[in-house]
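Descriptive structure summary
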Amino acid sequence: MIHLLSTFLVPILGAGAIFLLPGRRRRLTVLLATTITHLCLTARLWLGAPEAGSSALLGVDAAGLLFLSVISLLYCLVAVHLVAYTRRDARGAPKVFLACHLLSLSAMTVATLSTHWGLFWVAMEATTLATAPLLFYHHGPRALEATWKYLLICSVGIALALLGTLFLGMAAAGLAESQRTLGFVAMVDNAGGLSTPWLKMATVFLIVGYGTKMGLAPMHTWKPDAYGEAPPPVAALLSGGLTNCAFLGILRVSQLCTAAGQGPFVRSMLVALGLLSIGIAAASIVGQGNYRRMLAYSSVEHMGILTLGIGIGGLAAFGALLHAVNNAFNKGILFLAAGNVLQARGTSDSKSVTGLLATQPVTGVFLILGFLAASGIPPFGTFISEFTILRGMIASGGAVVPILYLGFLALVFIGMGSSVLEMVQGAPKGTSSELRAGRDSLAAVLPMAVFTVVVLLLGLWIPGPLQAVLEHAAGLTGGAR
């Protein structure tokens, strides 16, 4: 238990140190040291950790460990990128910005380690409060608007999730007094005795609430503004970290409903929301002239893919969990590349950015690789996970869902491809001095290289421990490889 406590306390201590220490270099040193320490503590959990008990508030299960590991590595590599990003930005490295970076890491850690519906809700609310100042980094009017929109919409979602949590308590009111708890394990063990009407009502509110934080359509409207105005490294954290925490909540709901014999009810909702999200994202990406908003809609698309996979169940559930890992690191490639482009060219307009292969060749190459991975092109891991979800759809029967799935993915490929290829090819626009200023440092490109290697390796080989965790997590919702 001490190890679990230290995993989320270390980032809080690091945030306090950043507030006390003067100077950009010292603050960034603390940021790097804290995220590396957190990554080491997370890696230690793979060697053995206390499992979630029926009465404990904190514990480790397969799904929680999977998402915690993804979030920890993502935060660590983004911290490395921030060394270069804050050096080149006029605002530098404000203490509030760096401290909130670590506070959001702590909140997401609690969310992945929580074994109680109430604590999970508190952690998700904390992620909203901790990440909001990160969006307001540039202090412009559009950044302020995006931050308020993020706070308002996500707060409404969290309020709905709170109602869902209360309804879960009502669903358990008929159980024996010793069994009336909001603990994950206890509720699953006693799922057969839950009140079906209250459970269904809780499911609707929880899916809509956490689906809002996840960015599922039609609750996705905060995403294009938030990702389009936040610093791209922050957008990488939101897209690969925050959304996975919300997805974990939906995964828990699906697990509980399956144990209670309400699997068809929750899966029909998830399939509908998944297809709607992919379809709206595809329509929005085609012709999108802002490359950061394009990546935001790409995140909506992939959240839809995750939800669709869990809704289909079976083999598709395994593919969805694998896709959650692939997508988090793939978004790291794309958003960090977008950050390098934004700082070099000073615009988010896709048509104003050309010739990246000539001026920022390394960033240009990673932007292409990130696009190919996001489109599910082999041999990247996203191809394996998306194809696994497709196999699960075909195995479940029916042709409508697979056809819509493939059609929407084709539209996304066309829309993203036209923008990305236009950006990397052709003659560069801008003065020679501006183009020379766009050259990227090692800290700016190294994290993208690591993310690319991970996504590529997952397309060629899934390590045994990771496969075991994925199968165990998928099995909680009735899925299997």
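In what follows, the structure referred to is the one given above.
Residues numbered from 1 in each chain as written. Predicted model: local features only at pLDDT ≥ 70, side-chain atom pairs only at ≥ 80, totals over all residues. Heavy atoms only, no water.

**With respect to the side chain of Thr 86**
The topology assignment puts Thr 86 in helix H3 (residues 62-88). The exposure class assigned to Thr 86 is buried, which follows from its relative accessible area of 1%. Setting aside its immediate chain neighbours within four residues, Thr 86 contacts Arg 24, Leu 28, Gly 92, Ala 93 and Tyr 137. (Helix = DSSP H or I, 4+ residues; strand = E, 2+ residues; numbered from the N terminus. Buried < 20%, exposed > 50% of the residue type's maximum accessible area, 1.4 Å probe, protein only. Contact = heavy atoms within 4.5 Å.)

**Here's the deal with the packing of helix H6 (residues 141-171) against helix H8 (residues 196-214)**
It is the contact of H6 with H8, at a shortest axis distance of 7 Å, that shows an interaxial angle of 155 degrees. As far as their axial angle goes, H8 and H6 are roughly antiparallel. Our pair here, H6 against H8, has a crossing hand that is left-handed. Looking at side-chain class alone, the contact of H6 with H8 contains 18 nonpolar, five polar and one charged residues. (Axes fitted to C-alpha atoms, helices over the stretch in contact; angles between N-to-C directions. Parallel < 35°, antiparallel > 145°, perpendicular 65-115°, else oblique. Left-handed = near helix turned anticlockwise from the far one by under 90°. Nonpolar A, V, L, I, M, F, W, Y, C, P; charged D, E, K, R; others polar.)

**Considering the packing of aromatic side chains**
Here the structure, examined in full by the defined rule, presents 15 aromatic pairs. With a centroid separation of 4.6 Å and an interplanar angle of 50 degrees, the aromatic rings of Phe 97 and Tyr 137 are classed as tilted. Of this pair, Phe 97 sits in helix H4 (residues 95-113) while Tyr 137 is found in the loop between helix H5 (117-135) and H6, placing the two residues 40 residues apart along the sequence. By relative accessible area, Tyr 137 is classed as buried at 2%. Taking 5.6 Å as the distance between ring centres and 20 degrees as the angle between the ring planes, the aromatic pair formed by Phe 371 and Phe 413 counts as stacked. With Phe 371 in helix H15 (residues 361-374) and Phe 413 in helix H17 (residues 400-424), this residue pair connects regions lying 42 residues apart in the sequence. Overall, the relative accessible area of 4% leaves Phe 371 in the buried class. One aromatic cluster is present, built from ring pairs that chain together Trp 117, Phe 120, Phe 184 and Tyr 210. (Phe/Tyr/Trp six-rings, centres within 6.5 Å; stacked < 30°, edge-to-face > 60°.)

**Topic: the pattern of salt bridges**
Tallied over the entire structure, the rule returns five salt bridges. Here Arg 142 makes a salt bridge to Glu 229, at a shortest N to O gap of 3.4 Å. Here Arg 142 is found in helix H6, whereas its partner Glu 229 is found in helix H9 (residues 222-229), with 87 residues between them in sequence. Of the residues examined, Arg 142 reaches a relative accessible area of 56% and is grouped as exposed. Among the residues examined, Glu 229 registers a relative accessible area of 18% and is labelled buried. A salt bridge links Asp 225 to Lys 149, with the nearest nitrogen and oxygen atoms 2.6 Å apart. Taken together, the residues Asp 225 in helix H9 and Lys 149 in helix H6 connect sequence positions 76 residues apart. A residue is classified by how much of its surface remains accessible, and Asp 225, at 19% relative accessible area, is buried. For Lys 149, a relative accessible area of 29% corresponds to the partly exposed category. Connected via shared salt-bridge partners are Lys 149, Asp 225 and Arg 293. (Salt bridge = Lys/Arg side-chain N within 4 Å of Asp/Glu carboxyl O.)

**Digging into helix H16 (residues 381-396)**
An ideal rise of 1.5 Å per residue puts 22 Å on 16 residues; H16 measures up with 23 Å between its terminal C-alpha atoms. Turning to H16, its buried residues number three or more, namely Gly 381, Thr 382, Ser 385, Glu 386, Thr 388, Ile 389, Leu 390, Gly 392 and Met 393. Considering only its buried residues, H16 is in contact with helix H12 (291-312), helix H13 (315-345), H15, H17 and helix H19 (442-460). Two residues or fewer after H16 comes Gly 397, characterised by a positive phi angle close to 95 degrees. (Expected span 1.5 Å × (residues − 1).)

**A short note on empty space enclosed by the protein**
By the definition in use, this model includes two cavities of 30 Å³ or more. Taken as a whole, the largest cavity holds about 50 Å³ of empty space. Lining of the largest cavity is provided by Tyr 291, Met 294, Leu 295, Ala 338, Val 341, Leu 367, Val 420 and Met 423. Only H12, H13 and H17 provide two or more residues apiece to the lining of the largest cavity. With three residues, H12 is the single largest residue contributor to the lining of the largest cavity. For the lining of the largest cavity, a count of residues per class yields eight nonpolar, no polar and no charged. Considering the residues around the second largest cavity, the lining is formed by Trp 117, Phe 184, Met 187, Val 188, Arg 252, Gln 255 and Leu 256. Secondary structure elements with two or more residues in the lining of the second largest cavity: helix H7 (184-189) and helix H10 (232-259). (1 Å grid on protein atoms, 1.4 Å probe; cavity = no way out; pocket = protein on both sides within 12 Å on 5 of 7 lines; lining within 4 Å. Points joined across faces, edges and corners; volume = space filled by probe spheres on them.)

**Notes on a nonpolar patch on the surface**
On the surface, a cluster of nonpolar side chains totalling about 380 Å² of accessible area is made up of Met 1, Leu 5, Leu 9, Ile 12 and Leu 103. A per-element tally of the nonpolar patch places helix H1 (residues 2-20) first, with three residues. When you line up the elements, Leu 5 lands in helix H1. (Patch = residues over 30% accessible without salt bridge, like charges linked within 9 Å, V, L, I, M, F, W, Y side chains within 5 Å. Areas by Shrake-Rupley, 256 points an atom, 1.4 Å probe, with all protein chains shown as cover.)

**Describing the nonpolar core**
If you look at the biggest cluster of nonpolar residues, it comprises 155 residues, and the most contacted ones within it are Trp 117, Met 124, Leu 168, Leu 194, Tyr 210, Leu 321 and Tyr 405. For this core, the element with the highest residue contribution is H13, accounting for 18 residues. Among all residues touching Leu 194, those that are not within four sequence positions of it are Ala 171, Ala 172, Leu 175, Met 187, Leu 199 and Leu 256. (Core = buried A, V, L, I, M, F, W, Y, C linked by side-chain atoms within 4.5 Å.)

**Side note on the environment of Ile 394**
One can find Ile 394 in helix H16. Taking the C-alpha atoms as reference points, Ile 394 and Val 450, 56 residues apart in sequence, are found 34 Å from one another.

**With respect to the packing of H3 against H19**
Between H3 and H19, the shortest axis-to-axis distance is 7 Å and the interhelical angle comes to 155 degrees. One way to sum up the angle between H3 and H19 is to call them roughly antiparallel. Contacts between H3 and H19 involve Leu 74, Leu 77, Val 80, His 81 and Ala 84 from the first element and Ala 443, Ala 444, Pro 447, Val 450 and Phe 451 from the second. The class makeup of the residues in the contact of H3 with H19 is nine nonpolar, one polar and no charged.

**A look at H19**
With 19 residues, H19 extends 27 Å between its outermost C-alpha atoms, agreeing within 8% with the 27 Å of an ideal straight helix rising 1.5 Å per residue. Within the sequence span of H19, burial applies to Ala 443, Ala 444, Val 445, Pro 447, Met 448, Phe 451, Thr 452, Val 455, Leu 458 and Gly 459. In this fold, the buried residues of H19 make contact with H3, H13, H15, H16 and helix H20 (464-475).

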